Amino acid sequence: MLALAATLPAVAQARPADPAPAAAAAGGGGAVMQVNTGRGRLITLSRPMSDLFVADDSIADVQVRSPTQLYVFGKKPGETTISATARGGAVVYATTVRVGNNLDSVGQMLRLTMPEANIVATPMNGLILLTGTVAAPEDAAEAERLVQGFVGDTTKVLSRLKTATPLQVNLQVRIAEVSRSFVKNIGVNLLNRHSTSGGLLFGIDSGRTTGSSIANATNPAGQVIGTTYTVAKGPGRTTLGLGGRILGMDLLAAIDLGETLGQVTTLANPNLTALSGETATFLAGGEIPIPLASGFGAVNVEFKQYGVSLAYTPTVLSDGRISLRVRPEVSQLSSAGAVTIGGTTIPGLTTRRAETTLELGSGQSMMIGGLLSNSNDNSVDKTPWLGDLPLIGSLFRSNAFRRSETELVIIITPYLVKPVNNQADIALPTDGARTPRDIDRVIKGELGTGASGERRPVPTMAPPRQSAPAIGLSAPVTVAPPAAKPSKPAKGVPAPGFSN
């Protein structure tokens, strides 16, 4: 506690107060007073005081001018408490003093450099808190850099600035895939039959012989008149067959030749817009039913999504960069991996999916996933020992070769976007499309007509109508347009109704 009599001689050393807060009134219990380092304020009390208390005089100190006036001046950045009481113990004045470095100059500097922003700099425990609104995230980062350079590196600047309008992010995803396959099959099939006079029957059956046969040809009387050779087509594209009697044996040979070339190209480009901090999803495809067995013989149906889907959560950072949690997926029905349950065939799904978190600037692109696959499969089906014999061993073996090549790339590009005010600025796929007339549909076989680049009708603003001048207190009378033939408006002048 500082006695009033002990502090009165120090009045001559008090620093002059700022003119703006010089008339500050007392009695604000729990109020907060901001003072710059090396500056002071004159406080006028509502009634005389007898005792004065300063919590930390190294941050802010007090000099008493009179029982009803005192000076408060800041020494170093920080926060302290000042209380003044009357002779009976009643609280005359109590406040919390926050001392910062050139707070008034910081506000003036921000108003000068960023007049369109509404920023408030507040000192708190040795740091400066920036609050308010700015037009864009890059303005918040610029304000933080300006204040940090103004107060120096010894004072920490904490920014809690917000954008005046919500930020929206449009994400473009490109999924491109090229898959090539090459399959070659060479199958050798051999069927032999030899019967001796003693009734011994000897035969060889190698490879695919389903549908191929060697049988006796008989006449209507049932007498054997020759041999019939039947060659069935194999699984390949071409089957070469040869049959005859060699060295007293019936021999039937078939060679299956097949070669398959395939190429699949997939390009998906989904686009989706979401508010910063919110999650958006997109699906262009469908759902397939999958039966699931449950208790007591009941069957439940569960649906599985397929097609082009996209889910992402954007977060716009203070410097304008965009943090993304993205999950694109492309899936399609496939016969590979299909299963049959209870007479119902459930197709398989070929899926390409990526899920990751990354940070980009508006308009920047990054490849978040890629695949380069090259596989070769070579198989030989042969008869043991006989298939290893030189030359003749080729009659007892078949070979198959398969090569697959796949290249997949997933690229994302985020954009900070704003809505458009004119509907004509947005082009639709249906612009210029028209339903064909009966004669075009029947005679020409057209399915649809239209003109490339033609725009659809959109609403337009009607020009304001002006009234004739009125005299006295009479109400203004709207001048009716003349009953003449309406003329075509000049080019570039908006007309009421829909545009052509």
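Residues numbered from 1 in each chain as written. Predicted model: local features only at pLDDT ≥ 70, side-chain atom pairs only at ≥ 80, totals over all residues. Heavy atoms only, no water.

A. Region of interest: the overall build of the protein. From N to C terminus, the protein includes four helices and 30 strands. For the protein, long-range pairs separated by at least 24 residues make up 59% of all intrachain contacts whose partners lie at least 6 apart in sequence. For the protein, the accessible area works out to roughly 31,500 Å², and carbon and sulfur atoms hold 56% of it. (Helix = DSSP H or I, 4+ residues; strand = E, 2+ residues; numbered from the N terminus. Contact = heavy atoms within 4.5 Å. Areas by Shrake-Rupley, 256 points an atom, 1.4 Å probe, with all protein chains shown as cover.)

B. Layout of the pairing of strand 5 (residues 51-54). By the alternation rule, side chains of strand 5 split into Leu 52 and Val 54, which are all buried, and Asp 51 and Phe 53, of which none is buried. Of the strand pairs in this sheet, strand 5 and strand 8 (residues 78-85) are connected by four bridges, and their pairing is antiparallel. Following the sheet pairing, Val 54 is matched in strand 8 by Ile 82. (Buried < 20%, exposed > 50% of the residue type's maximum accessible area, 1.4 Å probe, protein only. Pairing = 2+ DSSP bridges.)

C. View of the sheet that holds strand 11 (residues 127-134). Strand order in the open sheet made by the three strands is 10-11-12, with mixed pairing throughout. Edge positions in the open sheet fall to strand 10 (118-124) and strand 12 (156-163), since each of these has one partner strand only. Pairs of neighbouring strands in the sheet enclose a mean axial angle of 15 degrees, with direction left out of account. Relative to strand 11, strand 10 is paired through seven bridges, and the arrangement is antiparallel. Looking across to strand 11, one finds that Asn 118 is bridged to Thr 133. (Axes fitted to C-alpha atoms, helices over the stretch in contact; angles between N-to-C directions.)

D. The arrangement of the pattern of salt bridges in detail. Taken as a whole and judged by the stated rule, the model has 16 salt bridges. Across the pair Arg 352 and Glu 177 runs a salt bridge whose closest N-O atoms are separated by 2.6 Å. On the criterion of sequence distance, the pair formed by Arg 352 in strand 23 (residues 344-353) and Glu 177 in strand 13 (residues 168-195) is long-range, its members being 175 residues apart. Given the relative accessible area of 8%, Glu 177 is considered buried. The closest approach of N and O atoms between Lys 444 and Asp 440, which form a salt bridge, is 3.7 Å. (Salt bridge = Lys/Arg side-chain N within 4 Å of Asp/Glu carboxyl O.)

E. Representation of a nonpolar patch on the surface. A cluster of nonpolar side chains, Leu 386, Leu 389, Leu 391, Ile 392 and Leu 395, forms an exposed patch at the surface whose accessible area comes to about 470 Å². Tracing the backbone through its elements, the reader meets Ile 392 in the loop between strand 25 (366-382) and strand 26 (397-417). (Patch = residues over 30% accessible without salt bridge, like charges linked within 9 Å, V, L, I, M, F, W, Y side chains within 5 Å.)

F. Looking closely at helix 3 (residues 137-151). Over its 15 residues, helix 3 extends 22 Å from the first C-alpha to the last, a length consistent with the 21 Å expected when each residue adds 1.5 Å. Taken residue by residue, helix 3 has Pro 137, Asp 139, Ala 140, Ala 141, Ala 143, Val 147 and Val 151 as its buried positions. Looking at the residues trailing helix 3, positive phi occurs at Gly 152, about 95 degrees. (Expected span 1.5 Å × (residues − 1).)

G. A look at the side chain of Ser 331. Looking at the secondary structure, you find Ser 331 in strand 22 (residues 322-341). Other than its neighbours up to four places away in sequence, Ser 331 contacts Gln 305, Tyr 306, Gly 307, Thr 350 and Thr 351.

H. Main features of the side chain of Arg 98. Inspection of the secondary structure puts Arg 98 in strand 9 (residues 91-100). A distance of 3.2 Å separates the side chain of Arg 98 from the side chain of Glu 79, its partner in a polar contact. (Polar contact = N/O pair within 3.5 Å; in protein donor to acceptor, adjacent residues only side chain to side chain.)

I. Summary view of the environment of Asp 440. Relative to the elements of secondary structure, Asp 440 occurs in helix 4 (residues 438-442). Given a relative accessible area of 8%, Asp 440 falls into the buried group. With sequence-adjacent residues up to four places away left out, Asp 440 is seen in contact with Gly 445 and Glu 446.

J. Spotlight on the environment of Lys 304. Tracing the backbone through its elements, the reader meets Lys 304 in strand 21 (residues 299-316). As for Lys 304 and Ile 290, which are separated by 14 residues in sequence, their C-alpha atoms are 7.2 Å apart. In this structure, Lys 304 is in contact with Gly 286, Glu 287, Ile 288, Ile 290 and Leu 349, ignoring residues within four places of it in sequence.

K. Geometry of the confidence of the model for the protein. Confidence in the prediction for the protein averages 78 pLDDT; 83% of positions are at 70 or higher. Throughout residues 1-29 the model reports pLDDT below 50, and contacts reaching past four residues in sequence, or to other chains, amount to 50 contacts. Segment residues 495-500: pLDDT under 50, and 16 contacts once partners within four positions in sequence are set aside and those in other chains are kept. (pLDDT = per-residue confidence, 0-100.)

L. Representation of the nonpolar core. Ranked by internal contacts, the top residues of the largest apolar core, which has 24 residues, are Leu 171, Tyr 312, Val 326 and Ile 412. Counting residues per element, the ones that place at least two in this core are strand 13, strand 19 (271-275), strand 21, strand 22, strand 24 (356-360) and strand 26. In this view, Val 326 contacts Leu 171, Leu 310, Ala 311, Tyr 312, Ala 354, Glu 355, Thr 356, Leu 358, Ile 368 and Ile 412; residues no more than four positions away in its chain are not counted. With 20 residues, the next largest nonpolar core counts Ile 43, Leu 52, Val 62 and Val 72 among its residues. (Core = buried A, V, L, I, M, F, W, Y, C linked by side-chain atoms within 4.5 Å.)

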